[in-house]
There are 2 protein chains.
Amino acid sequence: MKKEPSLSDVAMQLGVSKTLVSFVLNNKGDEKGISKATQKKVREKVIELNYQPNQIARGLRIGKTKTIGLLVADISNPFYARIARIIEFYAEKQAYNVMFCSSDEDENREKILLQMFRERQVDGAIISSTADNPEFLRSLIRDGFPFVLIDRYFENIDCNYVVVDNYQATYTSTNYLLNKGNKNIGFITLSPSHISSLHERKAGYLGALNERKFENKSDYILEVDYSDVKKRNYQSIKNYFVKNNELTAVFITNNNLAVAVLKTLKELNINVPNDIALMTFDDIDIFRITTPSVSVVAQPVDEIGKHAVSILLKSIEEENSQFVNKILQTKLIIRESTNK
Amino acid sequence: MKKEPSLSDVAMQLGVSKTLVSFVLNNKGDEKGISKATQKKVREKVIELNYQPNQIARGLRIGKTKTIGLLVADISNPFYARIARIIEFYAEKQAYNVMFCSSDEDENREKILLQMFRERQVDGAIISSTADNPEFLRSLIRDGFPFVLIDRYFENIDCNYVVVDNYQATYTSTNYLLNKGNKNIGFITLSPSHISSLHERKAGYLGALNERKFENKSDYILEVDYSDVKKRNYQSIKNYFVKNNELTAVFITNNNLAVAVLKTLKELNINVPNDIALMTFDDIDIFRITTPSVSVVAQPVDEIGKHAVSILLKSIEEENSQFVNKILQTKLIIRESTNK
DNA sequence: ATGAAAGCGCTAACAT
DNA sequence: ATGTTAGCGCTTTCAT
């Protein structure tokens, strides 16, 4: 790799100081009273040499890298991929760049990746945390490292977060299914189950059942290992449906899992919605074009990304800004899969 | 943000030199003959202070950031999201991090983003280029900036790339459809059409038709604007099917586009595969669970990502390594959508 | 077995 | 209107 021209190359060739060149390039030329003529000379030389400022050096000097870290379970999950795109969009508007990492829902990996982000001096991070014991988040707060949680938060940790009202979402959805006359409603979710969003989704489901005095059979709740879904091992799902064939509806807490369930039902020759109604979290493309199309709880993905970035950047740029907590509402979209 | 402890904090508190601490932390303690006892002291102090090396400073000093850039059209396209995940996986193994950007198939954006990558001193980049006039890639080569193209390459630019045999892929697919007795086979692709992969896919389709002496009506080829797909404006697709209702099969060159077509066909009440057979590029989850499931040309995504990283890192770490060109084979996966 | 000092490329306070 | 200089936190050569 050829050596790139540096500020001093530009300065030297022009017979001026680095300071001057730096001022001009940072648009402080007028403010600092650099003559128009000199400014022009500088800009021309920059183009001639194809000089590109070294942002690493700049970052070291000013203590900011204009980079933010994005830490999610899996960047290839359409929900997170979509969020990544939105985050990129808003970050770029303010000249920030984004670095991503996938934790694979592994708490230990999450810690390591976060540490890596910090060593690389990202100015802050957007995190979908998988932590069960989020002590390490406390230490981020103690150090004043700016971050905002998305999708999941922790009751006993006071920090920035942007989440949706998961309880309300599944409470409403379950009621919808009950009102359609379903008496045996299954619930399929992911483990690790300590994750706040999953936890609350389950609570919303149970809340709706209890309120209507429906018994909630524990058999009707299935927790599938994240790693099984990743490895496409759907045995537990198959067993679940074989065993609980009196179910008339099922709610699924995550898009990946819903895909797994749809595949399994297809294999088992169980028809949606005639044999069983189906509803899931996450409005991704796929659910609009399946036959039947799938009723979903849509998260306001754009809003999540937008708020996450704006809260983070505020947190980075203003010392001691207050923590902000944003709880967004979801939207129930009814399609064919719940239409018996 | 609290000031982080630095190397000299560690050194000072221990009453030793920065050099020594640096040696120990870079595992050169033994080689440099630092006594075991001192090494132990250093490591303990590091933990006590929770010292985290500043990789920006390190990067400036050694001229490497251990970061690679990933530039694609849209990180939220499942094909690219998947590749991103793979690239992350292999990069991490060698202690590299990845920064991503989406060009939106905009050549000018691509140039700017690439420049930004260079200013941020990424050690190299993996690029799915949208360029029509790829002169700026030549200047990367001139500067010795390491990069590898994926998905698309340029005939007259000698550089690293990892692509699939697109001609063969559509040639085989079209022949499959012809053998099934289809006489009027449509072809729906994206513009900008100069992109090598799209270009070759079209050539493969035409090649198969010509060989069998089938006339290729230009009406049967539809080019949809990338921006229309993004904006979910499917009017041209609708018109196409209304106009060409003698089609018995259609091949689509990209997953996003296929989703758009499936939605449109559903709206128009055109049944797949009874009214029309359908086949597309890219084996993403969605196509396995639709009814009917969709026949696809599967790209070896894992292989693409794996090779891209390994070629790039080699290119970064070895001066004057030869350019390598990898052309991978696709796999035709037949599902229900072509089963009349 | 350990340290001093230079320098990566930049910014900014302080000259002049 | 422009220049000198110190220093961000690290690595590494050369001393001792």
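The coordinates are above.
Below or above, wherever it landed, is the structure these notes cover. Quick caveat, the model's predicted, so the values are computed rather than measured.

### A short note on the nonpolar core
In globular proteins that are soluble, nonpolar side chains generally tend to be buried together.
Part 1: If you look at the biggest cluster of nonpolar residues, it comprises 147 residues, and the most contacted ones within it are A:Ile68, A:Ile126, A:Ile188, B:Ile68, B:Ile126 and B:Ile188.
Part 2: Counting 46 residues, the second largest nonpolar core, distinct from the first, contains A:Ile127, B:Cys101, B:Ile127 and B:Phe154.

### Focus on the sheet that holds strand S8 (residues 249-252) of chain B
Residue and element names in this part refer to chain B.
Part 1: The strand order S7-S6-S8-S9-S10-S12 describes an open sheet built from 6 strands, whose pairing is mixed. Looking at which strands have only one partner, the edges of the open sheet turn out to be strand S7 (221-225) and strand S12 (331-333). Mean inter-strand twist for the sheet, computed between neighbouring axes without regard to direction, equals 20°.
Part 2: In the sheet, strand S10 (residues 295-298) pairs with S12 via 3 bridges, with the strands oriented antiparallel. Bridge assignment links Ala-298 to a residue of S12, and that residue is Lys-331.
Part 3: In the packing of helix H8 (residues 166-179) onto the sheet, contacts are made with strand S6 (185-191), S8, strand S9 (277-281), S10 and S12, and the angle to S9 comes to roughly 170°.

### Some words on the interface of chain A and chain B
How big an interface is tends to be stated in terms of accessible area lost as the parts join.
Part 1: With 63 residues of chain A in contact, the opposing surface of chain B contributes 64 residues.
Part 2: Counting the contacts that link chain A with chain B gives 14 salt bridges.
Part 3: A salt bridge links B:Arg118 to A:Glu4, with the shortest nitrogen-to-oxygen separation between them at 2.8 Å.
Part 4: Where chain A meets chain B, there are 34 residue pairs in polar contact (both at pLDDT 80 or more).
Part 5: Broken down by secondary-structure element, the contributors of at least two residues to the side of chain A that touches chain B are helix H4 (55-62), helix H5 (78-93), strand S2 (97-102), helix H6 (107-119), helix H7 (135-143), helix H12 (255-267) and helix H13 (286-289) of chain A.
Part 6: Take the side of chain A that touches chain B: its biggest share by element is 7 residues, from H6(A).
Part 7: Grouping the constituent residues of the side of chain A that touches chain B by class yields 24 nonpolar, 16 polar and 23 charged.

### Considerations on helix H1 (residues 7-14) of chain A
Residues and elements named next belong to chain A.
Part 1: Among the residues of H1, Val-10, Ala-11 and Leu-14 are the ones counted as buried. Buried residues of H1 fall within an arc of 95° about the axis and therefore sit on the same side.
Part 2: Where H1 is buried, its residues contact helix H2 (18-25) and helix H3 (36-49).
Part 3: Phi for Gly-15, located one or two positions after H1, is positive at around 70°.

Procedures and definitions
Residues take numbers from 1 onward in each chain, read along the sequence in its written order. Lettering for chains starts from A, numbering for ligands starts from 1, and both go in the order in which the items are written. Residues qualify for local features only when their pLDDT is at least 70, as the model is predicted, and side-chain atom pairs are given and counted only at 80 or more; totals for whole chains, interfaces and linings, by contrast, use all residues. The side-chain numbers reported here are obtained from all heavy atoms of the structure, hydrogens and water having been left aside. Remark: nonpolar core denotes a set of buried residues (Ala, Val, Leu, Ile, Met, Phe, Trp, Tyr, Cys) joined through side-chain atoms within 4.5 Å. Burial classes: relative accessible area under 20% of the type maximum marks a residue as buried, over 50% as exposed, and values in between as partly exposed (1.4 Å probe, protein chains only). At least two DSSP bridges between two strands are required for those strands to pair. We count a stretch as a helix when DSSP gives it H or I for four or more residues in a row; a strand needs E for two or more, and each element gets its number in order from the N terminus. Interaxial angle, 0 to 180 degrees, is taken between N-to-C directions of lines fitted to C-alpha atoms, where a helix line uses only the stretch in contact. Note on definitions: a residue-residue contact is assigned when non-hydrogen atoms from the two residues lie within 4.5 Å. Salt bridges, as used here, are contacts in which a Lys or Arg side-chain nitrogen is within 4 Å of a carboxyl oxygen on Asp or Glu. As used in this structure description, the phrase polar contact means that two N or O atoms lie within 3.5 Å; if the pair is within protein, one of them must be able to donate a hydrogen and the other to accept it, and residues adjacent in sequence are counted only when both atoms belong to side chains. Polar here means any residue other than Ala, Val, Leu, Ile, Met, Phe, Trp, Tyr, Cys and Pro, which are nonpolar, and Asp, Glu, Lys and Arg, which are charged; Gly is therefore polar. Each C-beta atom gives one direction from the helix axis, and the arc is the one those directions make.

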